[in-house]
Amino acid sequence: MAAVVEAKNITKAFGGVKAVDDVTVSVEAGEIHAVVGENGAGKSTLMRILSGIEFPDSGQVMVEGKEIENSAKDSIDAGISLVHQELSLVPEMTVAENIYLGGFPTSAGFTKRKEMKKFAQETLDEIGVQVDIDERISRLSVALRQFVEIARAIARKPKVLILDEPTASLTPAETDYLLSMLERLAKQGLAIIYISHRIPEVFRLCHNVTILRDGKLVYVSEIKKTTPQEVINQMVGRELKLDLESRRDAKPGDVVLSAVGIKAPGVNDVDLEVRAGEIVGLGGLVGAGRTELIRAIIGADNKTAGNVHITVDGKRQQITSYMSAMRNGVAYVPEERRVDGLAMTMSVTDNVYLPNRKDLAASGVINPAKAAKVAKELADRVGLRPPEIKREAGQYSGGNQQKIVIAKWLHKRPSFVVLDEPTRGVDVGAKAEIHRLVKELADQGTAVLVVSSDLPELLELSDVIHVVRDGKIMGTLDGAKADEKQVMGLAAGEKLVEA
Amino acid sequence: MTQQDTIQLGGGELSLWGKIKLTIARRTEGRGVALLAIILTVALLTEPLVFTAYQVTLGRIALIGLVALGLTAVILMGQLDLSVASTLAASGVVLAIIPDLTLGIIAALLTGLLVGAINAFGVAIIGINSFIWTLGMLFFLRGVALVISNEAPVKLTNADAGIAFGQPLIGPITPRILIFILVFIAIQVFVSRVKMGREFYAVGGNPQAAKDAGIPVKRRIFTGFMISGFVSALAGVINTLERTAADPIAGSTVLLASFAAAIIGGNYLKGGRGSIVGTLIGAGALGVLQVTLTLSGVQVPVQQIFIGLVLLLAVTTDPNNLRAVLSSIRSARSSRVKVQKPASEPNKSTAS
Amino acid sequence: MSKNEPITQINAMAQAPEEQPKQKSRRGVEWFAENGIFVFTAVLILSAAIFVDGFASLQNITDVFHRAAPIGIVAVGMTFVVISGNYLDLSVVAQVATAAVIMIAVSNEYGYFAAVLAAMLAALIYAIVNGVAVGYFKANAVIVTLSTTYVGLGLLRLLSGGSIFFGPPDGALAQFGAGKLGPVPYSALVLVAMTLILAFVLNRTNFGFTVRSFGINERATRLGGTNTGLVIIGAFLVTSLSAMIAGFVLAAFSNTAVSAMSTGYDFQALAAIIVGGTSVFGGKGSVLRTLLGVIFVSVLSNVLVLLNIGFGYQQMALGVLIALAVTVDALARRAGKK
């Protein structure tokens, strides 16, 4: 049977790094094809190319043997429909209108509402989702919105349906329903590409699996001929060259951070402790709720329940807001440094000055010489290159920008440091330096909490690893003994593999 | 296959009361209705004349409401048009300085369309914040009105036509009220039934999604600003005809009142949420308020204070903003509430 | 983490290496946005001196100073609100008039000290209402200050009965208003002093620092341990206090006060700020540049008056000036992003 959709030798680079490297995938009618890989393996880029949102540097996308030009409209016309990972619905329009957004049936400019509602209802009936089509999206649950997204994709009568992590926000019952719905659609002849980290789902649903790693295709197999263990091995893949030399000897002291019963959007009742001189790693997949968890702990976002305490010099203080967290020596290196971390058009000195201004100028009047001296010291300490503290932060490369963000907090000698994806988008050299800094902090007795989707990094740094999934800690591993497969297994929803 | 065939997520059969509650929850006009109810009650108790002299009241609502209706089209897309009052003044003067009435009306309305197009150009093409760009337009047009009127009110050449225009057509319905009702119906139908108008909500609510779905966002912005410009010009024409003269500095309270009407009527300033009906309700509330105050013999400054307060209240009590404020208060408080767990239990989640 | 941020894009960012550090190439439009005002002011003054009769006279220069001073004081103060990324404070119109009326009406009865106290109280109320609504309730600054303008003017008209207040002709206020140092009236010295003080506050104090950094990146500023609501209130307070001093200066100059005396100050101040090169997008700008913008705008309107060009044309000119300045600013930003 001929392939409905075929991506041939697709290559796409972003500024020199190949996000997708010579990947070929083909899917037949009625087939459900899984594309799996770690965060950043290139899955989403590949799907964006298939759906015409991105253009490949080389290679072609064929639908039923015909090459399609690369535009979103061409892809849709050719029968490729993408269900976005992010929600692309209009909150204040009704379900029916969202299903037909941009293509309302009209006569003389007027929307044919009856017709639109009838079609929308038919589409929803087809996928078996009962929802009031006159309800506005903003009043629907996240799960229901996900189903409306799918209805919207189905309404275009596609030949190929691409779903990117569709179950991320669904309960088990809803996930169950979604999977059986996709099985039904495939039986009717739809080709489905299913992107997921969740191995059990892949094994229940899919016929074939393609594994990407670092942009390259590393493994293709029929599901029947492989095992979950094999898939996880291939996802992680790289030679385990865990350098034991690079691990430090942890001597954890007293508990510095204790968080109990934390609840927040995306976080479901988590307890967490971090001791002085200890690096605790939070592993898991993108969207597992790790960022939400740490932001709720330090008060950067609102939490709905829970207590957080910081103990410094034997004094136990409650953290009720981000300001109180800062007063008690919490330092936060956020995930999105361009948005949360740095004022890009301010100088390095100014960026470093921001969190330290009360220390450096108790009277409120800035002493530029002092500010510059401190900035210079910190720039040297983190190895900023070039160490020109008058330069705008935005003129530095990603790795150096991250060093500036870390430098901001070093002056205060924080008691508890939280780093969210500290080396994302950072070159190898800067990565090693950032790792050195983090270890140095812990050696000096600071309590450190690191969120990382980069498994080798997590394993190298952490003394204890908590793996988070669906806003909960699914398992806790000893950092010295854990391996990538165990972390990935927990993160992807497999049982803990016996080591 | 043993799997269930459908999945029900929310919804389901509702009792009558449930349906009523659902309908209320779906609407955005809540604050406007509440304000209208309060004002009507107070008016009923203190100045029942407001209801006997309903022609005056209706006329006042039409005066405030007309500009607000056009403005709503722009606000739905998350933009603002601060130039509405100056457009009203300038187009009124344009009408008065042209001797031929028909030609004058056409020229005045074209002025409004042109202003709308220039506003949209700055916002959609150059990419300037609509508050600042239309604020510039506000002052520019005030200058234009002063220049073409020689800085003095201009008498309408055909004053008889103006006087005739002010007379009621049927019952209490003057042409102004009739035009207001027609414009209300036209814009209401436009944003609720016409494809282009419905898409305003998409442009304001999720611009990226709108673009991805193939909606020409920039063209919609042009349409919205031109509606606003045209309706403001129409209000200017009506004012000039009714007063048989054009005042180049007319409409200073129109700006305030029309924004107050649109915002208290539930139109979200960041776009995507609101309704024309809400604007109507808001205009109704403000109109009754003004007439009540006038009839009570309250001075003009007091009226300004009241309308200003309504606008301040409207813009600070937007449900979305309030929710964020309340949630941060709740979060700070939640920390102080004891959790149902032993708070000090070492080694609980740390594996060792 | 932003809920709106498309997750796929984050993934793409993770794979894509950081874009190359921006080259410091000075594109024409960027240079123009930064330095155009210096050239224009110089050209304007020079050509006015050469071609416009009566411009270079001592009397006229004093006149320009007199007119520029109150608007300039408002503008240097309002620069704080603009730099904090909150567009502008329209209510300065009401605030200037309120301060002027209080100054004369209250001092006639109770003396200057009471008048200053009362005016400060009024300024504080304005700052708190505007600042809380914008900083804590996240309401749109333009709409908030539009409404406080009307409430404030309404209250002023109500309380003052719409009447004009006169100060005693030989009072200290009147003497200050008429006082000069050479051709420079005291009011202009107040403007210069305010500019220097506010430039110091903006550039060399922690408060000014947070105003600037808030305008560039609100979230990073909050995560740097700043109570951002207080920063906004502070920015509005600086504006309110400046408007108050402008009101005093205005009252001193004319020795009268009436509720309608400061019409158009909102817009002229904004024009001066934007023309001076402070960005309406927030973050970028300075008080000294605003002073330059004030000089430009004041000289321009003086020239228009001398050339017998009507008030309407002046308004149009200001409108066009703002449109041009924001366009240049927007284009420069776009060029800077590429």
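Residues numbered from 1 in each chain as written. Chains lettered and ligands numbered in written order. Predicted model: local features only at pLDDT ≥ 70, side-chain atom pairs only at ≥ 80, totals over all residues. Heavy atoms only, no water.

What exactly am I supposed to notice about the overall build of chain B here?
Looking only at helices and strands, chain B features 16 helices and three strands. When burial is assessed residue by residue, chain B has 55% of its 352 residues classed as buried. At a minimum sequence separation of 6, the contacts of chain B that also span at least 24 residues come to 79%. In the structure as shown, chain B presents an accessible area of about 14,900 Å², 66% of it carried by carbon and sulfur atoms. (Helix = DSSP H or I, 4+ residues; strand = E, 2+ residues; numbered from the N terminus. Buried < 20%, exposed > 50% of the residue type's maximum accessible area, 1.4 Å probe, protein only. Contact = heavy atoms within 4.5 Å. Areas by Shrake-Rupley, 256 points an atom, 1.4 Å probe, with all protein chains shown as cover.)

Help me understand the pattern of salt bridges, please; the structure alone is not making it clear to me.
Residue and element names in this part refer to chain A. Inspection of every chain in the model, using the stated rule, returns 32 salt bridges over all chains. Where Glu377 meets Lys373, a salt bridge forms, and the shortest distance between an N and an O atom there is 3.6 Å. Remark: Lys373 and Glu377 occur in helix H13 (residues 368–382); sequence separation between them is four residues, near one turn of the helix. Owing to a relative accessible area of 55%, Lys373 belongs among the exposed residues under this scheme. (Salt bridge = Lys/Arg side-chain N within 4 Å of Asp/Glu carboxyl O.)

What am I meant to see in the packing of aromatic side chains here?
One pair of aromatic rings is described through two measures. These are the centre distance and the angle between the planes. Residues and elements named next belong to chain C. Within the structure shown, the criterion is met by eight aromatic pairs over all chains. Ring geometry for Phe176 and Tyr186: centres 5.6 Å apart, planes at 40°, overall tilted. Here Phe176, found in helix H7 (residues 172–178), pairs with Tyr186, found in helix H8 (residues 186–204); they are 10 residues apart in sequence, far enough to count as distant. The exposure class of Phe176 is partly exposed, given its relative accessible area of 32%. (Phe/Tyr/Trp six-rings, centres within 6.5 Å; stacked < 30°, edge-to-face > 60°.)

I would appreciate a short explanation of the pairing of strand E3 (residues 32–36) of chain A in the present structure.
A regular strand places its side chains so that they alternate between the two faces of the sheet. Residue and element names in this part refer to chain A. Of all five residues making up E3, five are buried, and the element is well covered by its neighbours. Alternating residues of E3 divide into Ile32, Ala34 and Val36 and His33 and Val35, and every residue in both groups is buried. Two elements, E3 and strand E11 (residues 191–195), share four bridges in a ladder whose sense is parallel. From the neighbouring strand, Ala34 faces E11, where its bridge partner is Tyr194. Bridging between E3 and strand E12 (residues 208–213) involves four bridges; their strand directions are parallel. Paired with Val35 across the bridge in E12 is Thr210. (Pairing = 2+ DSSP bridges.)

Got a minute to help me understand helix H15 (residues 428–443) of chain A in this structure?
Each α-helix turn comprises 3.6 residues. Residues three or four places apart therefore point the same way. Residue and element names in this part refer to chain A. Taking 1.5 Å of rise per residue, the 16 residues of H15 would be expected to cover 22 Å, and the 23 Å separating its terminal C-alpha atoms lies within 8% of that figure. Among all positions of H15, only Ala430, Glu433, Ile434, His435, Leu437, Val438, Lys439, Leu441 and Ala442 are buried. Just past H15, the residue Gly445 takes up positive phi, approximately 100°. (Expected span 1.5 Å × (residues − 1).)

Would you mind showing me how to read the side chain of Arg213(A) here?
Residue and element names in this part refer to chain A. Of note, Arg213 is situated in strand E12. Lacking a salt bridge, the buried Arg213 has Asp214 as its closest oppositely charged neighbour, with an N-O distance of 5.6 Å. One polar contact links the side chain of Arg213 to the main-chain carbonyl oxygen of Gln234, over a distance of 3.1 Å. (Lys, Arg positive; Asp, Glu negative; His and termini not counted. Polar contact = N/O pair within 3.5 Å; in protein donor to acceptor, adjacent residues only side chain to side chain.)

Just to check I follow, could you spell out the sheet that holds strand E17 (residues 305–312) of chain A for this structure?
What links the strands of a sheet is backbone hydrogen bonding, and the strands pair in either a parallel or an antiparallel sense. Residue and element names in this part refer to chain A. Here we have four strands laid out as an open sheet, ordered E15-E14-E17-E18, and antiparallel in their pairing. Each edge of the open sheet carries a strand with a single partner, namely strand E15 (267–275) and strand E18 (315–318). Taken over all neighbouring pairs, the strand axes of this sheet differ in orientation by 15° on average, direction set aside. Bridge analysis of strand E14 (residues 255–264) against E15 gives seven bridges, and the strand direction is antiparallel. Note on E15: the bridge partner recorded for Ile262 is Val270. (Axes fitted to C-alpha atoms, helices over the stretch in contact; angles between N-to-C directions.)

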